[in-house]
Amino acid sequence: MQEHSSARQDVALQMKQARKEQGITQEMLAEKVGTKKSNISRLESGRYNPSLDFLEKVAGGLGKEIKVKVT
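Parameters at a glance
- Residues numbered from 1 in each chain as written.
- Predicted model: local features only at pLDDT ≥ 70, side-chain atom pairs only at ≥ 80, totals over all residues.
- Heavy atoms only, no water.
- Helix = DSSP H or I, 4+ residues; strand = E, 2+ residues; numbered from the N terminus.
- Buried < 20%, exposed > 50% of the residue type's maximum accessible area, 1.4 Å probe, protein only.
- Contact = heavy atoms within 4.5 Å.
- Polar contact = N/O pair within 3.5 Å; in protein donor to acceptor, adjacent residues only side chain to side chain.

Asker: Is there a simple way to explain the environment of A12 in this structure?
Answerer: Here A12 shows up in helix α1 (residues 2-21). Judged by its relative accessible area of 3%, A12 falls in the buried class. For the pair A12 and R47, spaced 35 residues apart in the sequence, the C-alpha separation amounts to 9.6 Å. Non-local contacts of A12, meaning those with residues more than four positions away in its chain, are made with L43, E44 and G46.

Structure representation (structure tokens):
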């Protein structure tokens, strides 16, 4: 179970870093992907268990894509 949590935290951290690198706010990203700011905030804090579709939408809003690495 801890690996799942760690993966979720990694994704959240990467999304947050990408957003900050682009100089956009949570509100701006939320508007761009058609969701609420609270959803972006919960995603970045790790308090949200998002669907893969949601992650892909947010990543797309950041000009990124989701890649899964199985180790």
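Asker: I would appreciate a short explanation of the side chain of E44 in the present structure.
Answerer: Among the structural elements, E44 can be located in helix α3 (residues 37-45). Engagement of the side chain of E44 in a polar contact is seen with the side chain of R19, the distance being 2.6 Å. E44 has contacts with A12, K16, R19 and Q26, leaving out every residue within four places of it along the chain.

By themselves, these figures tell us nothing about what the structure is for.
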